[in-house]
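Overview (structure and organization)
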Amino acid sequence: MSITMIGLDTAKSVFQVHAVDDAGKAVMRRKLRRSELIPFFEQQEACTVVVEACGAAHHWARLLGGLGHEVRLIAPEVRLIAPEVVKPFVKKGKKNDAADAAAICAAASRPEVRFVPAKSLEQQGTLALHSARSLLVKQQTMLANALRGLATEFGLTVPQGIGRLDELRALVEADETFPERARQVFARLLEHCRLTAEGIEAFEAGIVAHARRDDIARRLATIPGVGPITASLIAATVSDIGAFESARHFAAWLGLVPRQRSTGGRTRLGRITKTGNREIRRLLVLGATSMVYRAEHWSSAAGAWTRGLLERRPVRLVTVALANKMARIAWALMTRKEVYRAKGRAAAAAQAVA
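So, a few notes on the structure that sits alongside this text. Within any chain, residue numbers begin from 1 and follow the written order of that chain's sequence. Thresholds applied to this predicted model are a pLDDT of at least 70 for local features of residues and 80 or more for the giving and counting of side-chain atom pairs; totals over whole chains, interfaces and linings are not thresholded and use all residues. For the side-chain quantities, the full set of heavy atoms in the structure was used; hydrogens and water were omitted.

1. Considerations on the overall build of the protein chain
Per the convention used, a helix needs a DSSP run of H or I reaching at least four residues, while a strand needs a run of E reaching at least two, with both numbered from the N terminus. A tally of regular secondary structure across the protein chain gives 14 helices and eight strands. A sequence separation of at least 24 residues applies to 56% of the contacts in the protein chain between residues at least 6 apart. Whether two residues touch is decided by their heavy atoms; if any such pair falls within 4.5 Å, the residues are in contact.

Given below as structure tokens:
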């Protein structure tokens, strides 16, 4: 029995193995417990292992890629494949672990399928900071809305903004008619919001430190609208920029290109696809929004392009278009290992990486 490829469907405690030979014929279907997985692959000859890019996939990729002499001699290739690529190969009406493992092998055998490089421990450590910060930001917004809603019930309101909560607290303390039970609830929520803000600051400090010491992040931070958080997230997420053939492929991976419904020679473009990494796309759009509001004072070719687009298109459309452009610039800087240099007579050259 000659195994050339193994499709591995991962889970928390049960793993499904689907092995095929040179002809693509299934030669093994086996279910393994978590404790049996590593001993199983230690006994197998070197082959290509295909793993669906989901939870803990990068962990298993590192372990399977480092199993002794097999990796060094035959150089087996541990690949990660995107889940949305696997889905079309799952047989209709047969959604189970065995079918998923078989679909992974079928998808990996297609020449047009693209694979995701495995992330290092350092990259995943940095991404943990981003995930935790994103979670706390959401919780902070929920707490702020809860505080505003509670105060509104008693006729107390302040303008929007997280910085306005101190004004709301002062109003609650000065209102003698505010019920004591509600006051206690407000105080607890406000204290929880304060602790959440401290947690966000701590995580952001770690992210900024990574952005300052990472060469790729420092290059990306020279792009207008890209701050240390966005630069750090892109640098930690994109393991190999060479996996993207062009800047458009990178923007498409982020879901910033229009969805096409073209036929008969007629090109029909819709809204953006919103596929790929949602957090990077969100941060790029936020950065583009800040630059759009400052477009009048943005003295460069990109600023002139933005102002011209604002005259013809809605603001939100211009924001997404600028985010698309920023993603393409990021691809160019990462590919060429350069810093952003603004073009235009009135634009000063971007500062070099320190």
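2. Concerning the side chain of Thr 222
By the secondary structure assignment, Thr 222 is in the loop between helix H9 (215-220) and helix H10 (228-237). A simple rule labels every residue: compare its accessible area, found with a 1.4 Å probe on the protein chains alone, to the largest value its type can have, and call it buried under 20%, exposed over 50%, or partly exposed in between. You can call Thr 222 buried: its relative accessible area is 19%. Pairs of N or O atoms are called polar contacts if they sit within 3.5 Å, as long as, within protein, a hydrogen donor faces a hydrogen acceptor (for residues adjacent in sequence, only side-chain-to-side-chain pairs). Of note is the side chain of Thr 222, whose polar atom sits 2.9 Å from the backbone nitrogen of Tyr 340.

3. What about the packing of helix H8 (residues 180-213) against H10?
For every element, the axis is a line fit to its C-alpha atoms; helices are fit only across the contacting stretch, and the angle between N-to-C directions ranges from 0 to 180 degrees. Viewed as axis vectors pointing N to C, H8 and H10 meet at an angle of 70 degrees, and their least axial separation amounts to 8 Å. Compared by their axis directions, H8 and H10 come out roughly perpendicular. Remark: the crossing between H8 and H10 carries left-handed chirality. Mapping the contact onto sequence places Glu 204, Ile 207, Val 208, His 210 and Ala 211 in H8 and Pro 228, Ile 229, Ser 232 and Ala 235 in H10. Considering only residue class, the contact of H8 with H10 consists of six nonpolar, two polar and one charged. Reported orientations rely on four angle classes, namely roughly parallel under 35 degrees, roughly antiparallel over 145, roughly perpendicular from 65 to 115, and oblique for the rest. By convention, the crossing between two helices is left-handed when the near helix turns anticlockwise from the far helix through less than a right angle, and right-handed when the turn is clockwise. Three classes are used: nonpolar for Ala, Val, Leu, Ile, Met, Phe, Trp, Tyr, Cys and Pro, charged for Asp, Glu, Lys and Arg, and polar for all others, with Gly counted as polar.

4. With respect to the side chain of Lys 119
Residue placement: Lys 119 occurs in the loop between strand E6 (115-116) and helix H6 (121-152). A relative accessible area of 10% means that Lys 119 is categorised as buried. Among the polar contacts made by the side chain of Lys 119, one reaches the main-chain carbonyl oxygen of Thr 237 at a distance of 3.5 Å. Setting aside residues up to four positions removed in sequence, Lys 119 forms contacts with His 58, Arg 62, Gln 124, Leu 127, Ala 236, Thr 237 and Ser 239.

5. What about the packing of H6 against H10?
At a closest axis distance of 9 Å, the pairing of H6 and H10 adopts a crossing angle of 135 degrees. For the element pair H6 / H10, the angle class is oblique. Of the two elements, H6 crosses H10, and the hand of that crossing is left-handed. Note on element contacts: H10 touches H6 through Ile 229, Ser 232, Leu 233, Ala 235, Ala 236 and Thr 237, opposite Gln 123, Thr 126, Leu 127, His 130 and Arg 133.

6. Description of the packing of aromatic side chains
Only the six-membered ring of Trp is used, alongside the rings of Phe and Tyr, when aromatic pairs are assigned; centres must lie within 6.5 Å, and planes under 30 degrees apart are stacked while those over 60 apart are edge-to-face, with the rest tilted. Counted by the stated rule, this structure contains five aromatic pairs. Each ring, one from Phe 40 and one from Phe 41, has its centre 5.2 Å from the other, and the planes form 85 degrees; the classification is edge-to-face. On the basis of relative accessibility, which here comes to 4%, the residue Phe 40 falls in the buried class. Note on Phe 41: relative accessible area 5%, which makes it buried. Ring centres 5.2 Å apart and planes at 75 degrees place the aromatic pair Phe 244 and Phe 250 in the edge-to-face group. Here the aromatic residues Phe 244, Phe 250 and Trp 253 are joined through ring pairs into a cluster of three or more.

7. Let's talk about the pattern of salt bridges
We define a salt bridge as a side-chain nitrogen of Lys or Arg found within 4 Å of a carboxyl oxygen belonging to Asp or Glu. By the definition in use, this model includes eight salt bridges. Here Arg 194 and Glu 198 are joined by a salt bridge, their closest N and O atoms 2.5 Å apart. Of this pair, Arg 194 and Glu 198 both sit in helix H8, four residues apart, which is roughly one turn of the helix. The structure contains a network of salt bridges with shared partners spanning Glu 191, Arg 194 and Glu 198.

8. Re the pairing of strand E2 (residues 14-20)
Here E2 lies mainly inside the structure; six of its seven residues are buried. Alignment of strand E1 (residues 5-9) against E2, held across five bridges, turns out to be antiparallel. Opposite Met 5, over in E2, you have Val 20 as the bridge partner. Any two strands with at least two DSSP-identified bridges between them are counted as paired. Where E1 folds back onto E2 in an antiparallel hairpin, the turn is made up of four residues. As paired elements, E2 and strand E3 (residues 26-33) share seven bridges and run antiparallel to each other. Residue Val 14 lies in a different strand from E3, and its bridge partner there is Arg 33. Hairpin remark: E2 followed by E3, antiparallel, with five residues in the connecting loop; positive phi at Gly 24, about 85 degrees.

9. Quick notes on the environment of Ser 35
Tracing the sequence through the fold places Ser 35 in helix H1 (residues 34-43). Accessibility expressed as a relative area gives 63% for Ser 35, which makes it exposed.

10. Let's talk about the nonpolar core
Core analysis: the largest hydrophobic core is formed by 45 residues, its most contacted members being Ile 223, Phe 250, Leu 256 and Leu 284. Among the secondary structure elements, those contributing two or more residues to this core are H8, H9, H10, helix H11 (247-253), helix H12 (278-293), helix H13 (301-310) and helix H14 (315-336). With twelve residues, the single largest contributor to this core is H14. Contacts of Leu 284, omitting those with residues within four sequence positions, involve Val 226, Thr 230, Leu 254, Leu 256, Ala 323, Met 326 and Ala 327. Definition of nonpolar core: a set of buried residues of the types Ala, Val, Leu, Ile, Met, Phe, Trp, Tyr and Cys, connected through side-chain atoms within 4.5 Å. Residues Leu 8, Leu 32, Phe 41 and Cys 47 belong to the second largest nonpolar core, which totals 18 residues.

11. Quick word on the pairing of E1
Walk down a regular strand and you will see the side chains alternate between the two sheet faces. Taken across its five residues, E1 has five buried, putting it largely inside the fold. Residues of E1 alternate between two faces, with Met 5, Gly 7 and Asp 9 on one and Ile 6 and Leu 8 on the opposite face, all of them buried. Summarising the sheet, E1 and strand E4 (residues 48-52) pair through four bridges and their orientation is parallel. Within the sheet, the bridge partner assigned to Leu 8 lies in E4 and is Val 51.

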